[in-house]
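# Inside the fold
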Amino acid sequence: MNSSCNLVLSGGGTRGYSHIGVAAALLEKGIGVSGISGASCGAVVGAFICDGFHPIEIEEILLKHEPELGFNYTRFWKNLMSFDDYTRILKTNLRSKTFEGLNKPLYVTVTDLNNGCQVIISKGNLLEALIATTAIPVLLPPCYINGVPYADGSLSNNLPVEPFLNTPEKIIGVHANPIPDFDPGIGMTQGIDRSLHLIMRNGILKNSRLCDVFIEAPDLKKHQLFESKKTRELVNIGYNHVMNKVDLSPLKK
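Presented here is a report on the structure given in the accompanying data block. (Residues numbered from 1 in each chain as written. Predicted model: local features only at pLDDT ≥ 70, side-chain atom pairs only at ≥ 80, totals over all residues. Heavy atoms only, no water.)

Turning our attention to the pairing of strand β8 (residues 148-151). Relative to β8, strand β5 (residues 106-112) is paired through two bridges, and the arrangement is antiparallel. The residue of β8 that forms the bridge with Asp 112 is Tyr 150. Where strand β7 (residues 143-145) lies against β8, three bridges are found, and the strand directions are antiparallel. Note that in β8 the partner of Ile 145 across the bridge is Val 148. Taken together, β7 and the strand that follows it, β8, pair antiparallel across an intervening segment of two residues, in which Asn 146 is found at a positive phi of about 55°. (Pairing = 2+ DSSP bridges. Helix = DSSP H or I, 4+ residues; strand = E, 2+ residues; numbered from the N terminus.)

As structure tokens, then:
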């Protein structure tokens, strides 16, 4: 199968590393990428793909640096964590500084903290948009762009299919947050994570029906929002799911 599709990548913390494996498997199956729309980690992975990186190269960058969210000891009362590791990796490795410099179109969803609405950024400063779309409220500080505070795009739309609704290419939606079975014994962090994704679920299901193929790997259920040193395992989950479980026949023209 040789075709080119638009890719929509959700957020999901480090679970979003599975997008790398999905992209690698799609390439092996002859599916190219025309453009990418993403939120949070999906936007970050999408930026590297649109910047000309092969999925294997993206995995190698993460394995080399093993980024982690660190505690923000200097301003702990304002936000709990620091995004410094990830910012450093983006600055050091991305070739393009602006959306206009990318090889393929990229659409980054962020959330306007003044009104809670989705905003799609596709022009201007690339790093600024990527920091904004990954800024989880309370955990990370908001990113101000032209005086407007923006935060994690997943809050307003975790499967931002809108940029591709009027394009001729087929759409592949990839969601990295399958809902685990209810367990009253799980910890607070896992409980909050699960609850947030239950709230988002109706929006995900609605947008998934606008995709020609919707991908959601069940094995991601056993992984938490932030996990260190699980990069290869998460990439493999996405790769193996597409290679063995996903029906790509709807992409045939």
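Turning next to the state of the cysteines. In total, this model carries zero disulfides according to the counting rule given. Cys 41 takes part in no disulfide bond, and the closest cysteine sulfur to it belongs to Cys 50, at a distance of 14 Å. Assessed through its relative accessible area of 12%, Cys 41 is described here as buried. This cysteine, Cys 117, is not joined by any disulfide, and Cys 143 carries the nearest cysteine sulfur, 18 Å off. (Disulfide = S-S within 2.5 Å. Buried < 20%, exposed > 50% of the residue type's maximum accessible area, 1.4 Å probe, protein only.)

For the rest of this paragraph, the subject is the pairing of strand β6 (residues 118-121). For β5 and β6, the ladder comprises four bridges, and the chain directions are antiparallel. Directly across from Thr 109, in β6, lies its bridge partner Ile 120. The turn joining β5 and β6, which pair antiparallel and follow one another in sequence, is formed by five residues; a positive phi near 80° is taken by Gly 116.

Take the environment of Pro 105 next. Along the chain, the position of Pro 105 falls in the loop between α4 (84-93) and β5. In this structure Pro 105 comes out as partly exposed when scored by relative accessible area, which is 41%. Apart from the residues within four sequence positions on either side, Pro 105 is in contact with Ser 34, Gly 35, Ile 36 and Cys 50. (Contact = heavy atoms within 4.5 Å.)

Right, let's get into unusual backbone geometry. One non-glycine residue, Ser 40, lies in the positive phi region at around 55°. Note that Ser 40 resides in the loop between β2 (31-39) and α2 (41-50). When its relative accessible area of 7% is taken as the criterion, Ser 40 is described as buried. For Lys 229, which is not a glycine, the phi torsion comes out positive at approximately 60°. With respect to the helices and strands, Lys 229 occurs in the loop between β10 (213-215) and α7 (231-245). Here Lys 229 falls in the exposed class, since its relative accessible area comes to 60%.

Taken as a whole, this structure holds two aromatic pairs when the rule is applied. Ring plane angle 75° and centroid distance 5.2 Å describe the contact between Phe 48 and Phe 53, whose orientation is recorded as edge-to-face. Owing to a relative accessible area of 9%, Phe 53 belongs among the buried residues under this scheme. With 5.6 Å between their ring centres and 85° between their planes, Tyr 107 and Phe 164 make a pair best called edge-to-face. Highlighted residues: Tyr 107 in strand β5 and Phe 164 in the loop between β8 and β9 (171-174), separated in sequence by 57 residues. Looking at Arg 95, its charged tip hangs above the ring of Phe 53, at a distance of 3.8 Å from the centre. (Phe/Tyr/Trp six-rings, centres within 6.5 Å; stacked < 30°, edge-to-face > 60°. Lys NZ or Arg CZ within 6 Å of the ring centre and 35° of its normal.)

Glancing now at helix α3 (residues 55-65). Every buried residue belonging to α3 is among Pro 55, Ile 58, Glu 59, Ile 61 and Leu 62, and all of these are buried. Mapping the buried residues of α3 onto a view down its axis gives an arc of 155°, with all of them on the same face. Those residues of α3 that are buried are in contact with α1 (18-28), α2, α4 and α7. Once α3 ends, the next one or two residues include Glu 66, with phi positive near 40°. (Arc of directions from axis to C-beta.)

Counted residue by residue, α2 has ten buried out of ten residues, so it is predominantly covered. Buried within α2 are the following residues: Cys 41, Gly 42, Ala 43, Val 44, Val 45, Gly 46, Ala 47, Phe 48, Ile 49 and Cys 50. Count one or two residues on from α2 and you reach Gly 52, which has phi positive near 95°.

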